[in-house]
Amino acid sequence: MKIIIATSNLDKVREFQRILEGFKVELSPAPYSVRVSETGRDFIENAILKARAYYREFKMPVLSDDSGLEVDAIGKAPGIFSARFSEDGSYRSNIERLLGQIKNIPEDRLKARFVCAVCLIDDREIIHVAQETCEGYVIKELRGNSGFGYDPIFYYPELKRTFGELSPEEKDTVSHRGKALRKLFLAIPLEE
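Reading the values: the criteria
Residues numbered from 1 in each chain as written. Predicted model: local features only at pLDDT ≥ 70, side-chain atom pairs only at ≥ 80, totals over all residues. Heavy atoms only, no water. Pairing = 2+ DSSP bridges. Helix = DSSP H or I, 4+ residues; strand = E, 2+ residues; numbered from the N terminus. Phe/Tyr/Trp six-rings, centres within 6.5 Å; stacked < 30°, edge-to-face > 60°. Buried < 20%, exposed > 50% of the residue type's maximum accessible area, 1.4 Å probe, protein only.

(A) Geometry of the pairing of strand 6 (residues 127-138). Judged from the eleven bridges that link them, strand 5 (residues 111-121) and strand 6 form a sheet pairing that is antiparallel. For A117, the partnering residue across the bridge sits in strand 6 and is Q131. The loop that links strand 5 with its antiparallel partner strand 6 comprises five residues; one of these, E125, has a positive phi angle of about 65 degrees. The pairing of strand 6 with strand 7 (residues 154-156) spans two bridges and is classified as antiparallel. By the bridge assignment for strand 7, Y137 is matched with Y155.

(B) Region of interest: the packing of aromatic side chains. Scanning the entire structure with this criterion turns up eight aromatic pairs. Here F23 and F185 contribute two aromatic rings whose centre-to-centre distance is 6.0 Å and whose plane-to-plane angle is 55 degrees, an arrangement assigned as tilted. Linking F23 in the loop between helix 1 (10-19) and strand 2 (26-29) with F185 in helix 5 (residues 176-187), this pair joins segments that are 162 residues apart in sequence. With respect to class, F23 is no different from F185; both count as buried. Ring plane angle 70 degrees and centroid distance 5.0 Å describe the contact between F154 and F163, whose orientation is recorded as edge-to-face. Judged by relative accessible area, F154 falls into the buried class, the value being 0%. Classification of F163 by relative accessible area gives buried; the value is 0%.

Listed below in structure tokens is the structure:
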């Protein structure tokens, strides 16, 4: 099945392609970016909004995701606003804003999770959705040069490292996005 990915984030495109390598799908980024107002109240609603907008534009199967970091001590922020948490929305300034908000909170109280909702609209216009999480903690120093987004400050206790310190393959095995994509594609019949 040929599928376009509804994102202009090349880091996400590479991650999608890596995670779904063993599945009978051919993934490619959309030819151009489609403007989507992410007005959903949660990750699933936003993933569906993106998928529908790209499907209307390109008239072919489309895969979207909406994902983010929830930090319990600050009301599950940044949540659905993770990618646009700071004024310019860059990885660095998003992290700086988050670190500013948690600076007076002890690290043992910084329980957090990554959440990912994925949505596939197939060639019959059927909508398939899955959502998964990855539990951990936010730490106050950046560690590691791998990954993207909040990965250098997301500490994953089971591997005793941040996502920024994991290899791409290690991260894909345990991450919210890896789990959500595998759950979605294992649940739908793929044609040969």
